[in-house]
Amino acid sequence: MLEARTPIPVSEAVARVIEKALPLGSETVLLAESYGRILAAPLVATHDVPPFNRAPYDGFAIRSQDSAGASNENRITFTVVDHIGAGEVSHKTLGEREAVRIMTGASVPSGANAVVMLEQAISSEAEATFMIRKPFAEQENLSLRGEDMREGEFVIPAGSFINPGTAALLATFGYGEVEVAKRPVVGVLATGTELLEVHEALTPGKIRNSNGPMISTQLARMGVPCKMYKMASDNLEECLVAVRKAMEETDCLITTGGVSVGDFDYLPAIYERIQAEVLFNKVAMRPGSVTTVAHVDGYFLFGLSGNPSACYTGFELFVRPALLKKMGAQKLYLPRTKAVLAGDFTKANPFTRFVRAVYDGTHVRPAGFNKSNAVSSIARGDSLIVLPGGTRGFKAGDVVDVLLLGVDEGLSGWALS
Ligand SMILES: Nc1nc2c(c(=O)[nH]1)N[C@H]1C(S)=C(S)[C@@H](COP(=O)(O)OP(=O)(O)OC[C@H]3O[C@@H](n4cnc5c(N)ncnc54)[C@H](O)[C@@H]3O)O[C@H]1N2
Ligand code: MOO
Ligand SMILES: [Mg+2]
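Residues numbered from 1 in each chain as written. Chains lettered and ligands numbered in written order. Predicted model: local features only at pLDDT ≥ 70, side-chain atom pairs only at ≥ 80, totals over all residues. Heavy atoms only, no water.

Novice: Talk me through helix H6 (residues 308–326); I want residue IDs and the actual numbers.
Specialist: Taking 1.5 Å of rise per residue, 19 residues should cover 27 Å, and H6 covers 25 Å from first to last C-alpha, within 8% of that figure. At phenylalanine 315, H6 shows its largest kink, close to 40 degrees. Among the 19 residues that make up H6, 18 are buried, leaving the element largely enclosed by the rest of the structure. Positive phi shows up at glycine 328, right after H6, with a value of about 75 degrees. (Helix = DSSP H or I, 4+ residues; strand = E, 2+ residues; numbered from the N terminus. Expected span 1.5 Å × (residues − 1). Bend = angle between axes of the 7 residues up to and from the residue. Buried < 20%, exposed > 50% of the residue type's maximum accessible area, 1.4 Å probe, protein only.)

Novice: With reference to specific residues and values, describe the pattern of salt bridges.
Specialist: Counting across every chain of the model gives 11 salt bridges. Put simply, aspartate 66 and arginine 63 hold a salt bridge, and the shortest N to O gap is 2.9 Å. There is no split in this pair, since aspartate 66 and arginine 63 are both buried. As a salt-bridge pair, lysine 134 and glutamate 140 come within 2.8 Å of each other at their nearest N and O atoms. The exposure class assigned to lysine 134 is partly exposed, which follows from its relative accessible area of 30%. (Salt bridge = Lys/Arg side-chain N within 4 Å of Asp/Glu carboxyl O.)

Novice: Account for the domain arrangement of the protein, naming residues and giving values.
Specialist: Domain boundaries in the protein define domain 1 (10–24 + 186–326), domain 2 (29–49 + 153–181), domain 3 (59–132) and domain 4 (336–404). The gap between the C-alpha centroids of domain 3 and domain 4 is 62 Å. (Domains from an automatic or database assignment.)

Novice: Mind laying out the packing of helix H3 (residues 211–220) against H6, listing which residues take part and the relevant values?
Specialist: It is the contact of H3 with H6, at a shortest axis distance of 11 Å, that shows an interaxial angle of 30 degrees. When the axis of H3 is compared with that of H6, the two are roughly parallel. Remark: the crossing between H3 and H6 carries right-handed chirality. Within the contact between the two elements, H3 uses Asn211, Met214, Ile215, Gln218 and Leu219 and H6 uses Pro308, Cys311, Tyr312, Phe315, Glu316 and Leu323. Grouping the amino acids of the contact of H3 with H6 by side-chain chemistry returns eight nonpolar, two polar and one charged. (Axes fitted to C-alpha atoms, helices over the stretch in contact; angles between N-to-C directions. Parallel < 35°, antiparallel > 145°, perpendicular 65-115°, else oblique. Left-handed = near helix turned anticlockwise from the far one by under 90°. Contact = heavy atoms within 4.5 Å. Nonpolar A, V, L, I, M, F, W, Y, C, P; charged D, E, K, R; others polar.)

Novice: Go over the sheet that holds strand E5 (residues 98–102), please, and point to the residues and values.
Specialist: Strands in a sheet are paired, the pairing made by backbone hydrogen bonds, and the direction either parallel or antiparallel. Spatially, six strands are ordered E6-E3-E5-E4-E8-E7 in an open sheet, and the strand pairing comes out mixed. Whereas interior strands pair on both sides, the edge strands pair on one side only; in this sheet they are strand E6 (114–117) and strand E7 (122–123). Both strand E3 (residues 59–62) and E5 contribute to a ladder of three bridges, which runs antiparallel. Along E5, the bridge assignment pairs glycine 59 with isoleucine 102. (Pairing = 2+ DSSP bridges.)

Novice: Can you explain the site of ligand 1? Please cite residues and give values.
Specialist: Taken together, 24 residues lie around ligand 1, and Glu194, Asn209, Gly258, Val259 and Ser260 are the ones closest in. Asparagine 209 is positioned such that a nitrogen or oxygen atom in its side chain is 2.9 Å from a nitrogen atom of ligand 1. Between valine 259 and ligand 1, the recorded distance is 3.0 Å, taken from a backbone N or O atom to an oxygen atom. Protein burial of ligand 1: of its 870 Å² of free accessible surface, 70% is covered by the chains. By residue class, the composition of the shell around ligand 1 is seven nonpolar, 13 polar and four charged. (Near = heavy atom within 4 Å. Polar contact = N/O pair within 3.5 Å; in protein donor to acceptor, adjacent residues only side chain to side chain. Areas by Shrake-Rupley, 256 points an atom, 1.4 Å probe, with all protein chains shown as cover.)

Novice: Can you explain the environment of glutamine 65? Please cite residues and give values.
Specialist: You can see glutamine 65 is positioned in the loop between E3 and strand E4 (76–84). A C-alpha to C-alpha distance of 9.7 Å links glutamine 65 and alanine 112, two positions 47 residues apart in sequence.

Novice: Please provide a residue-by-residue account of the coordination of the magnesium ion (ligand 3), values included.
Specialist: The magnesium ion (ligand 3) binds to the protein through Asp265 (OD) and Asp265 (OD), with metal-donor distances spanning 2.4 Å. In this structure, aspartate 265 sits in the loop between strand E15 (252–256) and helix H5 (267–273). (Donors = N, O, S within 2.8 Å, 3.2 Å for Na, K, Ca; no water.)

Novice: Describe unusual backbone geometry, with residues and values.
Specialist: Going from valine 49 to proline 50, the amide bond is cis rather than trans, its omega being -5 degrees. At the junction of arginine 286 and proline 287, the peptide bond is cis and its omega measures out at -10 degrees in the coordinates. For proline 287, the location among the structural elements is in the loop between strand E17 (285–286) and strand E18 (292–296). A positive phi angle is found at alanine 128, which is not glycine, with a value near 60 degrees. Here alanine 128 lies in the loop between E7 and strand E8 (129–132). The phi angle at glutamine 275 is positive, at roughly 55 degrees, despite the residue not being glycine. Inspection of the secondary structure puts glutamine 275 in the loop between H5 and strand E16 (277–280).

Novice: Describe the sheet that holds strand E14 (residues 226–228), naming the residues involved and giving the relevant values.
Specialist: Here six strands make up an open sheet; going across it, the order is E14-E11-E15-E19-E18-E16 and the pairing mixed. Only two strands of the sheet have a single partner each, and these edge strands are E14 and E16. Sheet twist, expressed as the average angle between the axes of neighbouring strands with direction ignored, equals 25 degrees. Sheet topology note: the E16/E18 ladder contains three bridges and is antiparallel. Within E18, the residue paired with phenylalanine 280 across the bridge is valine 293. Packed onto the sheet, helix H4 (residues 236–249) meets strand E11 (186–190), E14, E15, E18 and strand E19 (299–304) and runs at close to 135 degrees relative to E19. Along the sheet, H6 makes contact with E11, E15, E16 and E19, crossing E19 at roughly 165 degrees.

Novice: Tell me about helix H1 (residues 10–20), residues and numbers included.
Specialist: Structural remark: α-helix, 3.6 residues per turn; residues separated by three or four positions point the same way. Of the residues making up H1, those classed as buried are Val10, Ala13, Val14, Val17 and Ile18. Down the axis of H1, the sector holding all buried residues measures 130 degrees, keeping them to one side. Contact partners of the buried residues in H1: E16, E17, E18, E19, H6 and strand E22 (352–359). (Arc of directions from axis to C-beta.)

See the structure below:
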């Protein structure tokens with residue numbers, strides 16, 4: 001008799017996985033190789049930025065008090081006593097109605113507290129002088145020391161994704177090397193007697209393994225290294241050997257296929273043989289209801305469905321946040337938004353339904369053929385429409401939840417049921 005599986009809500013399944021995902025610790029990498037890694041420590045400003053008062057424009061540094069009363073009728077003349085570009089420092093201290101010709105980015109000389117833009121200066125007849133016809137306030141046209149960041153300020157929290165801006169910050173503070181969270185090496189094992197390698201010709205009853213390359217690409221877009229195992233046929237011993245080998249060589253394993261209740265679905269038996277604790281083997285979602293997650297002493301075995309769309313969805317909902325947690329990330333969950341449904345979606349949704357979709361900023365529409373076995377809609381979609389379980393008959397114009405895919409950083413909370 002078939003063992004009955006009890007579906008649990010997606011939110012509950014996500015919580016069970018996240019609870020068991022433990023961070024792997026940290027390592028040091030070169031700044032040049034840090035894109036996409038997760039900061040292991042908060043980024044603290046080690047000095048003021050900018051580190052000195054500087055000119056934000058090409059012009060003349062002046063003492064603002066010398067400009068008091070200037071007008072079109074009462075032009076005030078300044079004498080230029082020095083000339084500096086960015087990177088140079090003037091050793092002059094400005095006296096009354098003296099100015100330093102200064103270029104953008106250069107340190108403002110001692111005594112100066114305003115900058116006259118070149119366009120605001122009127123050339124006068126005498127050499128090395130110019131006139132102004134308006135007063136300049138103290139700090140007018142100045143880029144002030146510390147206006148961006150103050151020494152000691154916490155700029156970016158630990159657990160943040162290193163993006164181009166983070167790289168700029170790290171460079172600003174002189175970090176040629178960065179302390180980042182370690183990444184897991186993830187094994188990928190496709191199971192199924194029907195599977196052919198990419199280069200093999202189709203024969204009756206066989207299909208090519210598309211899940212393997214799909215998952216390794218899902219891992220790649222998270223910056224996670226992958227170890228691809230040779231496909232295993234639907235044979236308990238063969239699968240068991242492959243799973244045991246992967247467990248020795250990797251930090252966690254993603255299998256696809258063989259996870260349902262069929263006569264040749266061996267993953268449930270394998271979890272028993274290796275004494276893994278099954279966190280769940282049925283989720284109230286479509287596709288991917290058979291998604292199973294098990295673990296042995298902190299080693300995860302993600303049993304994704306063989307059906308491509310179910311496999312893809314299982315990865316994005318469960319594998320992605322678990323790996324991010326292992327990598328010390330703060331924001332584990334896919335970014336979420338609301339959008340207007342662009343067409344009717346009449347199917348009933350006994351379970352929460354994730355529809356591969358195209359989101360254009362306001363509207364969202366299904367990305368074509370949308371069954372669990374679909375391959376095409378994965379490639380065409382950039383998001384997942386989320387339709388709650390127990391609903392049906394969504395109409396064009398209805399507002400629905402949308403999860404965005406392929407985005408570097410998401411949200412720190414899971415707020416869908
Ligand atoms: N009696 C029942 N039958 C099924 C149930 C159920 O509850 N009761 N669940 C169905 C659902 S829902 C899904 S999803 C599938 C899940 O099946 P498995 O995870 O066991 O996967 P397989 O049986 O191995 O394969 C399913 C399907 O996917 C194709 N496949 C497998 N691997 C790959 C691959 N690497 N690349 C491309 N395509 C792959 C495979 O050929 C099958 O067509 O079970 C339903 N049945
Ligand atoms: O697990 Mo199945 O994908 O619900 O279709
Ligand atoms: Mg099956």
